[in-house]
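Chain and residue survey
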Amino acid sequence: MDIRNFINTYVVFLIGLFLPWKRDFVVGQQSFATYPENVTVIEGGEVLLRCRINNRQGPVQWAYDGRPFGHVIDYSLPGYPRYSMVVNDEQGQFDFRIAQASLPEDDAKFECQVLGNPPLRSAALVTVISPPEAPRIQGITNGTVVEMSPGESQNLTCISNNGKPAAVLKWMRNSHQITDNVWNEVTDVSQKRENAKSMLMLKPNKEDNGIRVACEAHSAALPSPLVTAFYLSVLYAPGPPSISGYTSGDIIRKGDRVLLICVSYDGNPLASLRWKKNGVPIDLSFFTLDRERLAKNPHNFTAQPSDNNAVMRCEAHNSYMGRRGIPPLFTEVRLKVRFHPETVKIIGKDDVSEGNAVNLTCVSSNSNPPAAISWIADGHKVRQQSDTQEESTDGGYITKSMITLTVAEKRKNVVVYCQAVNSALGKSTMTTKTLTVLYPPEQPTILGYSDGTSIRAEQVQRLICMVIDGNPLPKVSWYKGDVEQTENVMVTNDQNAVSSQITILVGPSDNAANYSCRASNRATKAPLVAYISLTVHFPPYSVDVSSDPAIATAGNSVKLLCQSASSNPAAEITWLRNGRLVAGSTSDTVEGLFGGEMTNSYMLINLTEADDQSVITCRAKNQILEHTAYQDVTLNVQYKPVFSASIPTSIDVIEGAPLIVNYSAKGNPLDITYKWKKDGDKFTEIKGGLGEDHIHTENHVFKIFSAYKNDTGEYMLVGKNSVGSTSQSIKINVMFPAKVIHTTAKVTVKQGETAALECRCEGNPLPETIIAWSRENYDMSRAQITPGDNSVLTIPDVTKDDAGMFVCNAFNGIGEHSAAHLDLVVQFRPIIDQSPRFAKSASENGETARLLCIAQGHPDVSFVWTRGGARVNRSLEKFDMEFRKYDSTHYESILLVHTVTPIDYGEYTCMAQNALGTHKTTVRLMGTSRPDPPYAVTVVEKTFNSIKLTWTAGFDGGLRQVFRVRYRQATAPEVYHYIDVHPSNATEFNIPGLERNSVYQLSVMAYNKLGDSGYQTEEVTAKTASEIPAEEGILGIRRGSTKMPILLIVAISVAGAILLAINIMLIIYFVRYRKGKEDDDVAASETKSNTVEMYSHVDDLTRDDVSERTYADQPAPGSRSFYLDDANLENVNIYQGGSPTYKTFRETYASTPPRSPYGATPPRSPAVTTDFDFTDALHRQQHWRGKDPYMTYSRLQGSQGNVSLKRPVTPADRIRLPPAPPARSTSQLGDRHGKISNHMIATLPTQHQPRYGPDPTSMSRSPITAARGRPSLNAGPPEGGMLPRSMSTIPYSYHPDGVSACRSSSANPYSTRPSAMPPSPPLVVRPLRTNPRVTPRAYDYVDTEQLSGPGRGANRRNYYNPKL
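Please read these numbers as outputs of a predicted model, since none were measured by experiment.

A few points about the pattern of salt bridges
- Summed over the entire model, instances satisfying the criterion amount to 39 salt bridges.
- The salt bridge involving Lys 433 is made with Asp 350; its shortest N-O contact spans 2.4 Å. Of the two residues, Lys 433 is situated in strand 38 (residues 427-438) and Asp 350 in the loop between strand 30 (344-347) and strand 31 (351-353); the sequence distance between them amounts to 83 residues.
- Each of Arg 274, Lys 276, Arg 313, Glu 315 and Glu 332 takes part in a single network of salt bridges with overlapping partners.

Describing the sheet that holds strand 50 (residues 552-553)
- Taken in spatial order, the 3 strands of this open sheet run 50-58-61, and their pairing is mixed. Sheet topology places strand 50 and strand 61 (666-668) at the edges, where each strand pairs with a single neighbour.
- Note: strand 58 (residues 637-642) against strand 61, 2 bridges, orientation antiparallel. Among the inter-strand pairings, Tyr 639 is bridged to a residue of strand 61, identified as Asn 668.

Examining the packing of aromatic side chains
- Counted under the stated rule, the structure contains 21 aromatic pairs.
- Taken together, a centroid distance of 6.3 Å and an interplanar angle of 50° make the contact between Tyr 978 and Tyr 1015 tilted. Placement of Tyr 978 in strand 87 (residues 977-980) and of Tyr 1015 in the loop between strand 90 (1011-1012) and strand 91 (1020-1023) is noted, with a sequence separation of 37 residues between them.
- When its relative accessible area of 48% is taken as the criterion, Tyr 978 is described as partly exposed.
- These aromatic residues form a ring-pair network of at least three members: Trp 62, Tyr 64, Tyr 80, Tyr 83, Phe 96 and Phe 110.
- The ring of Phe 330 has Arg 313 lying over it, and the distance from NZ or CZ to the ring centre is 3.9 Å.
- Geometry around Phe 736 places Lys 709 over its ring, the cationic atom sitting 5.4 Å from the centre.

Examining a nonpolar patch on the surface
- On the surface, a nonpolar cluster with roughly 1,100 Å² of combined accessible area is contributed by Ile 1046, Val 1050, Val 1054, Ile 1058, Leu 1059, Ile 1062, Met 1065, Leu 1066, Tyr 1069, Phe 1070 and Tyr 1073.
- Mapped onto the elements, Leu 1066 comes out in helix 3 (residues 1046-1084).
- Leu 1066 gets classed as partly exposed once you look at its relative accessible area, which sits at 41%.

Quick word on the state of the cysteines
- Under the counting rule described, the total for this entry stands at 8 disulfides.
- Across the disulfide from Cys 51 sits Cys 112; the S-S distance is 2.1 Å. Here the disulfide of Cys 51 and Cys 112 is left-handed, its torsion about the S-S bond being about -70°. Placement of the pair is Cys 51 in the loop between strand 3 (47-49) and strand 4 (52-54) and Cys 112 in strand 9 (residues 108-114), with a sequence separation of 61 residues. In terms of burial, Cys 51 and Cys 112 fall into one category: buried.
- Across the disulfide, Cys 262 is cross-linked to Cys 314 (sulfur-sulfur distance 1.7 Å). The disulfide joining Cys 262 to Cys 314 has a torsion of about -85° about its S-S bond and is therefore left-handed. You can see Cys 262 sitting in strand 22 (residues 257-265) and its partner Cys 314 sitting in strand 27 (residues 311-317), a full 52 residues away along the chain.

Calculation criteria
Residues numbered from 1 in each chain as written. Predicted model: local features only at pLDDT ≥ 70, side-chain atom pairs only at ≥ 80, totals over all residues. Heavy atoms only, no water. Salt bridge = Lys/Arg side-chain N within 4 Å of Asp/Glu carboxyl O. Helix = DSSP H or I, 4+ residues; strand = E, 2+ residues; numbered from the N terminus. Pairing = 2+ DSSP bridges. Phe/Tyr/Trp six-rings, centres within 6.5 Å; stacked < 30°, edge-to-face > 60°. Buried < 20%, exposed > 50% of the residue type's maximum accessible area, 1.4 Å probe, protein only. Lys NZ or Arg CZ within 6 Å of the ring centre and 35° of its normal. Patch = residues over 30% accessible without salt bridge, like charges linked within 9 Å, V, L, I, M, F, W, Y side chains within 5 Å. Areas by Shrake-Rupley, 256 points an atom, 1.4 Å probe, with all protein chains shown as cover. Disulfide = S-S within 2.5 Å.

Set out below in structure tokens:
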């Protein structure tokens, strides 16, 4: 900007110098027509400073606070994007415009300056004002409510920042400004802006409640003031509450509805009201009416006895009182309620013994005033002894009255009445009580058992107890000893007696047991009892076997004691061991339970390890009852761990494979601890090199995740329990593949020395033959090999042919082979290949000749080319050299002679040299010629039907040469056979198709475009093998063997017999089936038209090759050519309901107006069609992939039904034809549906049929189809009536009215009945290729009248067969 201002000033200076020279030409002096005026603008607005000049003589510019800027020539203002000048020089207009005025840049003085004589200048002030921020009251959010108390003062501060000028803040009370207790101040901030602050001390009173207090910010930059406000809520206490609806001292009755209303006026907030009864809150619900400034709580209740003398209080309070700690305001009333006693109750005994007295008390419920009580017994009023009254806690008074009543006579009961009366209310309450008179029953009697009678255990015994009289009737109970029996007891009550029967399932505990019957009622001081005792025989229900000691160890003895349970009479004991009877000690008896006897028996056993878990059985038998009790005990013999002798102690595992070994031991106790050792050291797991799990043990399980060769060794597993420990040794042998670990480096020896190649390997196992030496195309018999894992191959007196790469192959039968290559380098002087083909080179004049020199040698070989004794100079453009090193011993040098002339022809010398010597050869450069004959023709392989030759190519004459082999049988010398070798540069060829055990003479010739080399004068003689290799064939038949195993002969014979039987049954079935169909056809011949029957079985069309033949025949005039196009298959939409069917094609064809092949359009006849079900065919088409790849129209047509037409028929002949090759055909439906020809008919496409199309060499095309690359649908056969090879015509019946008719597969395919109607021209289908595996096995039938047409005779015999 400084540079621009400098240039501006400099231009103005130059103009000022120039102006005096122009003074004479000025008509008048320049002056301001319009002066700039001061402007005030809101920030972001636009400013236009006007400056108009009369008679302008000098340039005009504007200055900013005294600093000029802009260009005086073009009046541009670079660097000031918001500034611009509005210039109209003709009108003297030089206005200054400011866009989007901003602070503080544009708040300045702008001056319009005019240079010249006199110079002019006029300034104007631009004042940019900016609206302040919205005001805010500190600590108060806009629109909120602020609560205060009367007389409470609060300082409020309102702030509005960043205004220019500063905002004017005003405090407002509703719509009136507040001027008292207000302080304002303004502070400067950056960019010429100011902050405004106003403070208000607010001290409200009760009348200020609900006012709006606002702070308004006024500014010239604002269209209206900005406001922030809050609402004032002045809090104060409500008025005291009042109660209406009841006055203290009023009388109310129980059940009356009472409504008490509590009201409190005024207060902010309005009062909260609550009811208390005797100081306990009972109703906290209330509502307020803001307009009436009151709070109300109505309490509605039903008077109850408990409400008598109750104090009802209403309390009023609000939040203001809570903050100030002011207690609630209240008022209260006391209630008086009258009520009669609700209930009366007689207290005392319910029974009384005959001749005794009873005390009774009558108590009334609470009553106000107190109730009076009276008594009645057996209908007579009884005088009470005393009445008392006491105050109730539920309100009112309770009255009590007591009497004493004596019963002198024997009777059942006495009825007593008690009545309570409230005389003030005139209401009473009564209750009764019945007293029972008590007396005892007679002595009980037991029936059903005689003392001393024996009862077997498990039998049922019933006892009956009879008791007579008593009031109340007595309770009869059965006891066994002192225990009451409640189960299986049935009690029967009569009018004056009680019977109780007990049913006992007799057991051992019933032997000698005392059963008693006890009768009692309230009149008996002690129960009346009758007793009886039972005698029971019972067996021992259990035996108990104990051992001493309880846990024994092998080698010690154990004493077993068997004690039977109590038995009556005593039981006999026997012993069994693992189910076999053994002898025990003498038994004795002791007194047992329930009056029986217990039998004891002892047995002593000397223990071994085999006795552990042996089962010892003690058997106790009651001989009278023939009942036996058993008890088994399993011997727990402790012994130290024992490992099974059958577990392997040596394990082989292949490296990298996992290994899991479970060597659990048997011992007692079973808590065996296992420890693994390797080389004497304990371990539980071994980590791999990367920290991964390698060997892990868990108790007796040993796991190797991936075996490694270092895991080989002896492992020890120690099993230990509390008895002792046992160890088991396991040897693990990790077998790993052989691997070459060391070989000698490159071995370099001189020719004639001895070479030694060493190869060392590792592996497990290491057989003697682990290392094998080999070398391709080398006689290994020259080498001496030491066997083993460190094998040495020694070659004495080495030659250059011994040099090369030897392979050391290590393999031990595990994994892959490991091979290493050892290079043997033999040092020798260069040797040049002087084969005849390298002794010459040929080239035409003007071309580049290539002279090749190939040499072997070691160390490195170099080449020198000379001619006439002089070294060829590579620096000349004439010559160039190429050098190649193929390996350590083979080298090649090529001398290139450019632009060959006759003078370049001649001999060139190639010399190969290295540190051991040199070798030379001569190469002759000449013109191109015929090739030299091949040489070194050798037979390398002979079989029973072939001979393999190799040869060395001679000089090619400078051109590409090709080889030809000639051979003949020695027995037929005049017949030669010739074979051109492929590829052309091959020098090895196998001659096939020779006869076995025959002698052949063979020779090879080379030729190029200039001629041939001729065959060798001496032919090579070879003889084919006499025997065919005896290789195993199918079913054990050796190839070439003339003998067949007997088992195979028998199997084939059986299979053939089965197939023959199946064929006979099928023939019988189809003959009967066809005969039945012929009868059906005869019956239906009057209504069905004769059709084309295409009886093709395409399931079997893939078995044999189709013989190569040319289908050449001419179809009938008017025949339709139909071409197969897979692209159209994608557009075919075939539906019947939800599934595709062939019906769509038929209906499409039937709906198309037909065209007669003879030019006339026959009239239509109504077609009678039947519904078709193509589900099976379509299912096969879509899903039987690989099983039925060719499904032709004939199959679909023959399996779906008939289309019949009722019209006159004419006789016609039939010709039986073999079927055409299977064709995949389609119609042009889909997007070409509207272009269907009149005679189109399509077959249903299948998914895996071969694709067919027209033969492009023989088919004509219509203009439409030719443009699309498809043959015309109306194209006929080529001229001359010949169809090309791989083409066929499929005949199809034609009906003049356009309906194609097909017959069911049930029609007789051999029928010669006359046709039901004239047939249609044939449908010609031209396949692109034939199926290579098709065997014609069915026949097609063609109605021949389609060849003659109506009126031309139905006996025409010149039908062309398109299939033969």
